[in-house]
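# Architecture and fold: a report
The chain contents come next:
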Amino acid sequence: GAAFTSYLDALSMGSIPAPSSAKAVADYLDVLNTEDVPQMGSRMNRVEDRLSRLESSVSSLPDDIASRLVDWQMSQDKKMSEELEKIMKLLVEENDGKEGR
């Protein structure tokens with residue numbers, strides 16, 4: 001993983017000595033593998049959790065959109081009704097005013 005890459009970088013830059021034997025390299029790789037496994041498992045669990053939350057979010061999206069559209073339509077209907085009521089009152093008042101003359 002990342003540790004091995006940084007080891008190779010340090011080795012190629014000469015900031016650390018070359019391994020003394022193939023067994024030393026194998027032992028080092030074994031240590032890296034045992035250290036990376038728990039980290040990798042933990043990271044995979046976090047990724048799976050995030051993916052699961054995303055899937056839930058996406059699956060609920062159509063219902064959320066439909067609910068919002070219904071709410072919006074109801075509010076528009078209410079506004080339209082209120083405006084029509086105002087118009088009707090104005091027309092009735094205007095008509096009553098003409099008849100009173």
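This text goes with the structure placed above it.
Residues numbered from 1 in each chain as written. Predicted model: local features only at pLDDT ≥ 70, side-chain atom pairs only at ≥ 80, totals over all residues. Heavy atoms only, no water.

So, on to the overall build of the protein. Helix and strand counts for the protein stand at 2 helices and 0 strands. In the protein, which comprises 101 residues, the share counted as buried stands at 3%. Looking at the protein as shown, the accessible area adds up to about 8,900 Å², and 60% of this sits on carbon and sulfur atoms. (Helix = DSSP H or I, 4+ residues; strand = E, 2+ residues; numbered from the N terminus. Buried < 20%, exposed > 50% of the residue type's maximum accessible area, 1.4 Å probe, protein only. Areas by Shrake-Rupley, 256 points an atom, 1.4 Å probe, with all protein chains shown as cover.)

There is a patch of nonpolar side chains on the surface, built from Met-80, Leu-84, Ile-87, Met-88 and Leu-91 and spanning about 510 Å² of accessible area. Along the chain, Leu-91 turns up in helix H2 (residues 22-99). (Patch = residues over 30% accessible without salt bridge, like charges linked within 9 Å, V, L, I, M, F, W, Y side chains within 5 Å. Salt bridge = Lys/Arg side-chain N within 4 Å of Asp/Glu carboxyl O.)

Let us look at the pattern of salt bridges. Scanning the entire structure with this criterion turns up 2 salt bridges. In this structure, Lys-86 engages Glu-83 in a salt bridge whose closest nitrogen and oxygen atoms are separated by 3.4 Å. Residue Lys-86 and its partner Glu-83 are both found in helix H2; the two are separated by 3 residues, about one turn of the helix. A salt bridge links Glu-85 to Lys-89, with the shortest nitrogen-to-oxygen separation between them at 3.9 Å. With Glu-85 and Lys-89 both in helix H2, this residue pair falls 4 residues apart, about one helical turn.

Structural measurements only, silent on function.
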